[in-house]
Each structure stands twice: as structure tokens, then as C-alpha cells.
Amino acid sequence: MEFSTGFGWTRLPVLAAAFIVGSVLTVSAQIIPPFSPGPAAAPDDEEAETAEAPSVNDPDIMKGIDVDKLDWSQLAIDAGTLNDIIAAKKRAQATANNGLNWSSNANANGSSAVTVKQSVFEFWDTRIGADMTVASEPRTMSELLAQKAANGGSLPQSSGSAWATATAPGAGAIWDKTAVEARVDPGSEQSKLGASLTKSMPLSGDTSLTLQNGYSVNQQGTTAVPGIGGHITRNYETDQSAKVTITDTGTSISAGQSLSTTDDKWLRKVGAEQKLFDNVTVSGSVGETSQGAINKSVTAGFKKSW
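Residues numbered from 1 in each chain as written. Predicted model: local features only at pLDDT ≥ 70, side-chain atom pairs only at ≥ 80, totals over all residues. Heavy atoms only, no water.

Asks: An account of the overall build of the protein chain is needed here, citing residue identities and associated values.
Replies: Along the backbone of the protein chain there are four helices and 12 strands. Burial status across the protein chain gives 12% buried among its 306 residues. When contacts within the protein chain are restricted to residue pairs at least 6 apart in sequence, those whose partners lie at least 24 apart make up 29%. Carbon and sulfur atoms form 60% of the exposed surface of the protein chain, whose accessible area is close to 23800 Å². (Helix = DSSP H or I, 4+ residues; strand = E, 2+ residues; numbered from the N terminus. Buried < 20%, exposed > 50% of the residue type's maximum accessible area, 1.4 Å probe, protein only. Contact = heavy atoms within 4.5 Å. Areas by Shrake-Rupley, 256 points an atom, 1.4 Å probe, with all protein chains shown as cover.)

The following block contains the structure:
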């Protein structure tokens, strides 16, 4: 971002005129001129006939009020005071957004999905949070039977995982952005650590290309039982993708491939996304699976932020 503070001599008269006009408007705004309707503000004859004249029996709203003792200075609010009030509201809203953010959604099996997150470092957009599934205890026999029927004869169990994400700048011309994510699920003894490198470049006025390389390590542990010790298995994954976005039409086309130590072969995938109108998109994809079958999907989504 560049800032320039040099003004040419030819701009000085314009700035002086603007300053004088602003001063006159400020002085005029502090004076309340008396209302004197002219010929244009005169009501029509028909409206004057239908208007009700004030009655002497109407209550006097100014009764008991001394006009000379009213504090008219409360109305003298300049633009600087209004700017201070608006800035204070923005700071309060930013503080609230940086605090704990809770959200909850009810599941079909009677449990609730609860998510809590908080920003801890704004420069790298670092956030920490937890995703939890909270199962409510049945209070009556009917609730117990209903929960068992919805979960195949068993009661839903509470679980949760903690996560942390961070977005850092890239390394010059090699890539633009670095994203790091870590997740731990103590209940299932699973953990994941991943990172992705992103590079974006314009192809033309309304077309851009985004390249991304991702790497992750998934760790799965097993609980030790008498006579059998627990062990840890690790799975390494990598994925590569390219996405072309056409801004004018809201169309994006992507192609990528992924490789993991469990599959030991590249699995390729192509997809497309189309923006229909504001906040509504339709996407489809075709990809290979480790079993050899083709996975096809078509989804529609709506996203709104406020």
C-alpha cells in the first residue's frame, strides 16, 4: 500500500474552496432557522377543509415546562463526536468477535453438535477451538426408548476433538500462503497434523489460477488390553490440485490427485462449481477410489455471512 502526501500548487485553490464551503455548512447546521412556509408549502384547499383544527380541550403537552430552562446544548453534536461514537461501537464489535464464539446444532439422534472457537493471534489468523458431540441423558423411559430406536439400539455417546489453525504468509514468489492445521481426538485416540501451500496467479483480466500442495500425517492409536500392548499407526498423505476461476461467470474448474501410504497409488479427481445467483452455488465432481470404483457427486450449497 502506497501513501502520497504531495499536492500540486494547482490544487490549493480547490482545497481552499472546499474548506470554506465546509465551514459555512458547519455554521449553518448549528443555527435552526424558523419555519416559514412559502407558497409551495401551502396546503390545497381540499386538504385545509379536511384538516381538523386543534380543540381547546386538547391537553397542553408543554404544561409545566419552562422553555427558558431547557438545555439546548444537548442538540449541539458535531461530526467529530459522531465519529467517536461510531468508532467505539466498531471496537466493541471487534472485541466481541475476537472472544469465544459458540454454535450449536441439534442432531437427528438426539445429541447436539457444539463448536467453540476463539482467535488468539490476528496477524496470522490463528484460531483454536473444539468440536463436540454432546449427548443428553434421557429423563423418562419414553426418551430412553426413542434414543435407542434412533441409534440402532444403543445410546449416543458424547465425544469431542480439539483443533488449531493458522494462516501464514508464503515465501516470496514460490507460494503465497501457508495454512497449518492440527486436530486431536482423545476419545478415539486420533490426531492429525497438516499443512498446505497455495499459489495464486492471474491468467487474464477475469481468470485466475490457484495451485495447492497439501501434506498431512494421521496417527491412530489402539488401547492396550491385558496381554496385548497398544501400538500407534501413522498414515502419510499428500495432495495436489489446480483450480481455474472465471470471475465474470462465477465458474471454477478444478483437477487434482492424492496419494496416501494406505492406498499406495494416485487417486485423481476433477470437479466444477457454478454460482447461480447470490450465495447459491452448484458443484459436481468425479473421482477415483482405492477400490477402483468411480465416485460421482453433485451438491448445491447456500452460504451467507453477516
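Asks: So what's going on with the pattern of salt bridges? Which residues, and what values?
Replies: Under the criterion given, the structure shown has three salt bridges. A salt bridge links Asp131 to Arg183; its shortest N-O distance comes to 3.1 Å. Separated by 52 residues along the polypeptide, Asp131 in strand 3 (residues 126-134) and Arg183 in strand 5 (residues 177-185) bring together distant segments of the chain. What makes Asp131 partly exposed here is its relative accessible area of 26%. Given a relative accessible area of 28%, Arg183 falls into the partly exposed group. Note that Asp176 is salt-bridged to Lys199, the shortest N-O span being 3.5 Å. Separated by 23 residues along the polypeptide, Asp176 in the loop between strand 4 (159-169) and strand 5 and Lys199 in strand 6 (residues 190-202) bring together distant segments of the chain. (Salt bridge = Lys/Arg side-chain N within 4 Å of Asp/Glu carboxyl O.)

Asks: An account of the confidence of the model for the protein chain is needed here, citing residue identities and associated values.
Replies: With 67% of its residues at a pLDDT of 70 or more, the protein chain shows a mean pLDDT of 75. The lowest-confidence element of the protein chain is helix 1 (residues 12-29), averaging 41 in pLDDT; the highest-confidence one is strand 9 (residues 251-260), averaging 95. Low pLDDT, under 50, characterises residues 1-43; the predicted model gives this stretch one contact beyond four residues in sequence or across chains. Between residues 45-51, whose pLDDT stays under 50, and residues either more than four places distant or in other chains, the model counts zero contacts. (pLDDT = per-residue confidence, 0-100.)

Asks: Now, about the pairing of strand 8 (residues 232-246): what can you tell me, with residues and values included?
Replies: The sheet contact formed by strand 7 (residues 207-221) and strand 8 spans 15 bridges and is antiparallel. Opposite Gly221, over in strand 8, you have Ile232 as the bridge partner. Bridging between strand 8 and strand 9 involves 10 bridges; their strand directions are antiparallel. Note on strand 9: the bridge partner recorded for Val244 is Ile253. The loop that links strand 8 with its antiparallel partner strand 9 comprises four residues; one of these, Gly250, has a positive phi angle of about 70°. (Pairing = 2+ DSSP bridges.)

Asks: Give a detailed account of the sheet that holds strand 1 (residues 101-106), specifying residues and quantitative values.
Replies: Spatially, 12 strands are ordered 1-2-3-4-5-6-7-8-9-10-11-12 in an open sheet, and the strand pairing comes out antiparallel. Two strands in the sheet have a free side with no partner beyond their single neighbour: strand 1 and strand 12 (294-302). When strand polarity is set aside, the average angle formed by the axes of neighbouring strands in this sheet is 15°. (Axes fitted to C-alpha atoms, helices over the stretch in contact; angles between N-to-C directions.)

Asks: Describe in detail the pairing of strand 6, supporting the description with residues and values.
Replies: Judged from the nine bridges that link them, strand 5 and strand 6 form a sheet pairing that is antiparallel. What sits directly across from Val184, in strand 6, is Ser191. If you look at the hairpin formed by strand 6 and strand 7, you'll find four residues sitting between the two strands.

Asks: Quick one: what's the story with a nonpolar patch on the surface, residue by residue and with numbers?
Replies: On the surface, a nonpolar cluster with roughly 520 Å² of combined accessible area is contributed by Val120, Phe121, Phe123, Trp124 and Ile128. Here Phe123 shows up in the loop between strand 2 (112-121) and strand 3. Classification of Phe123 by relative accessible area gives exposed; the value is 64%. (Patch = residues over 30% accessible without salt bridge, like charges linked within 9 Å, V, L, I, M, F, W, Y side chains within 5 Å.)

Asks: Run through the environment of Ala255, naming residues and quoting values.
Replies: In this fold, Ala255 is placed in strand 9. Between the C-alpha atom of Ala255 and that of Gly287, which follows or precedes it by 32 residues, the distance is 9.6 Å. Not counting the four nearest positions on each side in its chain, Ala255 is found in contact with Gln240, Ser241, Ala242, Lys269 and Val270.

Asks: Requested: an account of unusual backbone geometry, with residues and values cited.
Replies: Phi at Glu189 takes a positive value of approximately 55°, unusual for a residue other than glycine. Within the fold, Glu189 resides in the loop between strand 5 and strand 6. Classification of Glu189 by relative accessible area gives partly exposed; the value is 32%. At Asp264, a position not held by glycine, the phi torsion is positive, near 60°. Tracing the chain through its elements places Asp264 in the loop between strand 9 and strand 10 (267-277). You can call Asp264 exposed: its relative accessible area is 65%.

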